[in-house]
Amino acid sequence: MKISLDGAPLRRIDAFKLYMALNGLVGLFTMTIFTVNQVYFVLTVGLNPLQLVLVGTVVEATVLLFEVPTGVVADLYGRRLSVIIGFALIGAAFVLEGSVPVFSAILLAQVVWGLGATFTSGAQEAWIADEVGERRAAGAFLRGFQMHRIGSLGGIAASVALASIHLQLPIVVGGGLLIGLAIFLALTMPETGFARAPESQRETWRSMRATFAGGFRTVSRTPVLITVFIAVGLYAAMGEGLDRLSTAHFLQTFDLPSLGTFQPVVWFGIISAVSIPLSLLAAEIARRRLDTNDSRAVTRALFGVNVLLFGGVLIFGAAGNFALALAAFWAVRPLRDVIDPVMTAWTNHHIPRSVRATVFSMRGQADALGQVVGGPTIGAVGTILSLRAAIMTAAGYLVPVSVLYAIASRRWFDQIDSGT
């Protein structure tokens with residue numbers, strides 16, 4: 001059987017339905033991995049707080065280097081090809097990570113993961129926007145997020161079940177499934193809304209530079225995109241510390257309540273399982289009540305969410321008992337999750353089709369830069385002082401985000417809405 005990577009799929013599926021299925025399957029497969037991979041790093045590999053953050057720093061440094069070039073590839077060669085390559089690389093990375101519990105092998109796996117992530121980031125959003133149109137794409141981003149979280153519920157159950165057999169098993173199985181997803185997409189993924197550059201242009205670096213320059217001009221001349229990029233970098237710095245250290249915080253700062261005959265890893269399945277319905281509810285409220293075409297409404301909503309998020313992260317770090325820390329973590333998760341699809345839909349309204357994947361990739365690069373710069377600082381605080389201090393430091397990155405939203409809503413967007 002011939003698998004088409006660069007041409008028409010052997011069996012085409014409706015783009016909107018495939019985007020929903022893709023998000024659900026990615027949620028299922030990645031949550032099979034992510035429910036336990038931090039537990040694996042702490043208990044099996046024995047990483048300290050700085051090493052935990054450095055694992056993420058390697059991923060994001062790779063993203064920082066390759067995000068824009070792979071985004072340009074998606075704009076010149078096709079979003080479909082970029083997505084297929086990306087998931088194949090991500091799957092291979094996790095197979096390696098789970099198979100070899102050695103710090104150096106894990107770092108190598110992060111490089112492969114980061115490279116794969118640069119192929120998928122931006123390309124997925126650009127692909128669905130091209131296939132269904134910009135206005136329908138805004139709803140697709142939020143619906144896709146919900147499908148991702150629904151799929152994640154199944155991933156949590158699968159992860160806990162597999163981890164009960166062996167802690168490395170969910171990571172290896174999840175990676176294998178992502179490779180299978182890449183093959184599935186090669187067989188079924190349509191691409192009818194994208195017009196390739198002529199072959200002569202695709203083969204020249206001049207075209208790639210021109211596409212990148214067009215994306216850069218779009219960002220630098222659009223106040224909305226400037227706001228988004230700065231905020232993304234600060235969120236990333238905060239999130240790197242929280243994501244890498246929250247599991248260690250639960251394991252090392254508190255005594256996890258007994259679950260009878262069940263292993264402690266089950267607690268992390270419970271924590272994730274409760275977080276997902278809360279995230280779905282937050283996304284549904286945003287989808288129904290927030291007009292992402294209204295810049296002032298978006299900035300005001302994001303300002304409110306950011307203030308609540310700051311308080312939640314601060315309480316999570318300072319909590320003196322497991323129950324309070326758990327409640328704060330459950331409050332933080334949906335607040336974080338609702339920000340990304342809202343910002344994605346909001347960003348999409350301000351990007352020309354010709355540089356859409358490139359600009360989304362540049363946003364991914366801002367995310368990577370924030371993690372590379374902020375993550376090691378937070379990890380060092382955790383190693384030198386304490387995990388509590390590190391997480392509270394992470395919360396501090398959210399303060400300038402609130403200031404940024406306040407300034408933006410009062411100045412930039414009044415000018416945009418008045419047409420000046």
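Conventions and cut-offs
Numbers given for residues are sequential positions, taken from 1 along each chain in its written order. This being a predicted model, a pLDDT of at least 70 is required before a residue's local features are given, and a value of 80 or more before pairs of side-chain atoms are given or counted; all residues contribute to the totals for chains, interfaces and linings. The basis for every side-chain value is the complete set of heavy atoms in the structure, and neither hydrogens nor water enter the calculation. Here a pair means two rings of Phe, Tyr or Trp (six-membered ring of Trp) with centres within 6.5 Å. Their orientation is stacked below 30 degrees between planes, edge-to-face above 60, and tilted elsewhere. The salt bridge criterion pairs a side-chain nitrogen of Lys or Arg with a carboxyl oxygen of Asp or Glu, the two atoms within 4 Å. In this description a helix means any DSSP run of H or I spanning at least four residues, a strand means any run of E spanning at least two, and both kinds are numbered starting from the N terminus. We call a residue buried when its accessible area falls under 20% of the maximum for its residue type, exposed when it is over 50%, and partly exposed in between, using a 1.4 Å probe and counting protein chains only. It is the directions from the helix axis to the C-beta atoms that the arc portrays. Buriedness for pockets is judged along seven lines, at least five of which must meet protein on both sides within 12 Å for an open set on the 1 Å grid over protein atoms alone, while cavities are sets there where a 1.4 Å probe fits but cannot get out, and lining residues have an atom within 4 Å of a point. Grid points are joined across faces, edges and corners, and a volume is the space filled by probe spheres set on the points. For this scheme, ten residues count as nonpolar: Ala, Val, Leu, Ile, Met, Phe, Trp, Tyr, Cys and Pro. Four count as charged, namely Asp, Glu, Lys and Arg, and the remainder, Gly too, count as polar. Note on contacts: a residue pair is in contact if any heavy atoms of the two residues lie within 4.5 Å.

**Thoughts on the packing of aromatic side chains**
For the structure on display, the rule yields twelve aromatic pairs. A connected cluster of aromatic rings, assembled from ring pairs, spans Phe250, Phe254, Trp267, Phe268, Phe316, Phe322 and Phe329.

**Things to note about the pattern of salt bridges**
As a working rule, side chains carrying opposite charge can pair if their charged atoms are close by. Within this structure, the stated rule accounts for seven salt bridges. The partner of arginine 79 in a salt bridge is aspartate 130, and the shortest N-O contact between them spans 2.7 Å. Placement of arginine 79 in helix H3 (residues 79-99) and of aspartate 130 in helix H5 (residues 123-132) is noted, with a sequence separation of 51 residues between them. As far as burial versus exposure is concerned, arginine 79 and aspartate 130 are alike and both buried. The partner of glutamate 284 in a salt bridge is arginine 288, with the nearest N and O atoms 2.6 Å apart. Of this pair, glutamate 284 and arginine 288 are both found in helix H11 (residues 265-289), four residues apart, which corresponds to roughly one turn of the helix.

**Let's talk about helix H15 (residues 387-396)**
Residues spaced three or four apart along an α-helix point in a common direction, a consequence of the helix completing one turn every 3.6 residues. Along H15, the residues classified as buried are Leu387, Ala390, Ile391, Ala394 and Ala395. For H15, the angular spread of buried residues about the axis comes to 150 degrees, placing them on one side.

**Considerations on the layout of surface pockets**
Considering only enclosed or pocket space, the largest pocket measures out at about 250 Å³ in volume. Of all the secondary-structure elements, those providing two or more residues to the lining of the largest pocket are H11, helix H12 (295-318) and helix H13 (322-348). At five residues, H13 tops the list of elements feeding residues into the lining of the largest pocket. Across the lining of the largest pocket, the residue classes tally to twelve nonpolar, no polar and one charged.

**Considerations on the side chain of serine 272**
The topology assignment puts serine 272 in helix H11. In this view, serine 272 contacts Met31 and Ile156; residues no more than four positions away in its chain are not counted.

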